[in-house]
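Now for the letters of each chain:
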Amino acid sequence: MQISFKPARLQDAPALAKLDKDSFGAEAWPLDSFQSALQNPRQEAELAVADGKTLGYVLMNYQREAPGTACVDSLAVSPDARGQKLGEQLLLRGLETAAHKGFQEVQLEVEKGNLPAEKLYEKYGFVPTAVLSGYYHGKDGTQMKLKDLQGAGSSLLAQRRQELAEKLGGIPGHTFTTQG
Ligand SMILES: CC(C)(COP(=O)(O)OP(=O)(O)OC[C@H]1O[C@@H](n2cnc3c(N)ncnc32)[C@H](O)[C@@H]1OP(=O)(O)O)[C@@H](O)C(=O)NCCC(=O)NCCS
């Protein structure tokens, strides 16, 4: 399967909404949330695509928190494409873009007990910074941060990119394109 990565555009909103529905069920974002995110110049999504099918996305937000803090608004991989390092590659690309833009840290929220996501974020240096009581339809969440993105965080990204490349036999470089 040949995977490619590309910035999402407005016409990709239905594919993102479907992926979200498949991943988060009743808690998924509706189509209009993706449509507005994809028209917001301070939010950027990147897609993993194979054979014309969208298999995953990462949605970054560059204005939700204080200046200097970027956010991972959402990340999802199609259930039948998981476990193939797509989530990791998407996260890596989002974090590299945030680093490239000069952000100092990255914040995200994850539902407590979402082990695949928690492990992925820990692998990329995120640490828990707050408990979010009842944040997910009454279920608790965890706020996590990746700090020092221009220092130790950046070195960790480079190390993870190297490990991924070795495991996958090479991964596409980041082009730092933005949606238009
Ligand atoms: C979280 C998610 C994006 C991971 O995507 P994926 O492509 O399946 O994950 P990858 O194959 O890239 O795995 C990368 C790392 O994630 C972690 N991970 C992924 N699946 C895991 C699992 N089932 N159990 C434990 N850790 C897991 C591991 O750290 C793994 O690295 P390793 O293989 O070196 O141990 C995917 O499970 C998903 O879409 N889940 C539903 C949506 C969601 O919860 N999104 C996050 C919202 S905060």
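Now for a description of the structure that goes with this document.

Following the sequence through the fold, Lys167 ends up in helix α5 (residues 152–168). Residue class for Lys167 comes out exposed when judged on its relative accessible area of 58%. In the structure, Lys167 is positioned 82 residues away from Lys85 in sequence and 9.6 Å away in space, judged by C-alpha atoms.

Taken together, 21 residues sit near the ligand, with Leu75, Lys85, Gly87, Asn114 and Lys123 positioned nearest. One of the backbone nitrogen or oxygen atoms of Leu75 is found 2.7 Å away from a nitrogen atom of the ligand. Between Arg82 and the ligand, the recorded distance is 3.4 Å, taken from a side-chain N or O atom to an oxygen atom. Contact with the protein chains hides 75% of the accessible area of the ligand, taken as 930 Å² for the molecule alone. Taken atom by atom, the bulk of the ligand overlaps the largest pocket. Those elements that provide at least two residues to the shell around the ligand are α1 (13–24), β4 (69–77), α3 (86–100), β5 (105–111) and α4 (115–123). Top element by residues in the shell around the ligand is α4. It accounts for six residues. The class makeup of the residues in the shell around the ligand is ten nonpolar, five polar and six charged.

Here α1 contains twelve residues, and its C-alpha end-to-end distance of 16 Å stays within 8% of the 16 Å for a straight helix at 1.5 Å per residue. Within α1 the residues assigned to the buried category are Ala13, Leu16, Ala17, Leu19 and Asp20. Angular distribution of buried residues about the axis of α1 spans 160 degrees; they occupy a single face of the element. Residues of α1 that are exposed and angled more than 90 degrees away from the buried face: Lys18 and Lys21. Elements in contact with the buried residues of α1: α2 (31–39), β2 (43–50), β3 (53–61) and β4. Positive backbone phi, at 55 degrees, marks Gly25, one or two positions downstream of α1.

Quick look at the layout of surface pockets now. In this structure, the largest pocket encloses a volume near 1,100 Å³. Forming the boundary of the largest pocket are 35 residues, of which Phe24, Leu75, Asn114, Ala117 and Tyr121 lie nearest the centre. Partitioned by chemical class, the residues of the lining of the largest pocket number 16 nonpolar, seven polar and twelve charged. For the second largest pocket, the calculated volume is near 160 Å³.

With mixed pairing, the seven strands of this open sheet are ordered in space as β1-β2-β3-β4-β5-β7-β6. Of all the strands in the sheet, the pair left with one neighbour each is β1 (4–7) and β6 (127–136). Each adjacent strand pair in this sheet contributes to an overall mean axis angle of 25 degrees, direction not counted. Pairing of β6 with strand β7 (residues 139–146), which is carried by six bridges, proceeds in the antiparallel orientation. Across the sheet, residue Leu132 finds its bridge partner in β7, namely Gly141.

Here the focus is the packing of α1 against α2. Two elements in contact, α1 and α2, have axes separated by 9 Å at closest approach and are oriented at 130 degrees. For the element pair α1 / α2, the angle class is oblique. Regarding α1 and α2, the two cross each other, and that crossing is right-handed. Residues Ala13, Pro14, Leu16, Ala17 and Asp20 of α1 touch α2, and the partners they reach there are Leu31, Phe34, Gln35 and Leu38. Taken together, the residues of the contact of α1 with α2 break down into seven nonpolar, one polar and one charged.

Basis of the calculations
- Residues numbered from 1 in each chain as written.
- Predicted model: local features only at pLDDT ≥ 70, side-chain atom pairs only at ≥ 80, totals over all residues.
- Heavy atoms only, no water.
- Helix = DSSP H or I, 4+ residues; strand = E, 2+ residues; numbered from the N terminus.
- Buried < 20%, exposed > 50% of the residue type's maximum accessible area, 1.4 Å probe, protein only.
- Near = heavy atom within 4 Å.
- Polar contact = N/O pair within 3.5 Å; in protein donor to acceptor, adjacent residues only side chain to side chain.
- Areas by Shrake-Rupley, 256 points an atom, 1.4 Å probe, with all protein chains shown as cover.
- 1 Å grid on protein atoms, 1.4 Å probe; cavity = no way out; pocket = protein on both sides within 12 Å on 5 of 7 lines; lining within 4 Å.
- Sits in = over half its atoms within 2 Å of the grid points.
- Nonpolar A, V, L, I, M, F, W, Y, C, P; charged D, E, K, R; others polar.
- Expected span 1.5 Å × (residues − 1).
- Arc of directions from axis to C-beta.
- Contact = heavy atoms within 4.5 Å.
- Points joined across faces, edges and corners; volume = space filled by probe spheres on them.
- Pairing = 2+ DSSP bridges.
- Axes fitted to C-alpha atoms, helices over the stretch in contact; angles between N-to-C directions.
- Parallel < 35°, antiparallel > 145°, perpendicular 65-115°, else oblique.
- Left-handed = near helix turned anticlockwise from the far one by under 90°.

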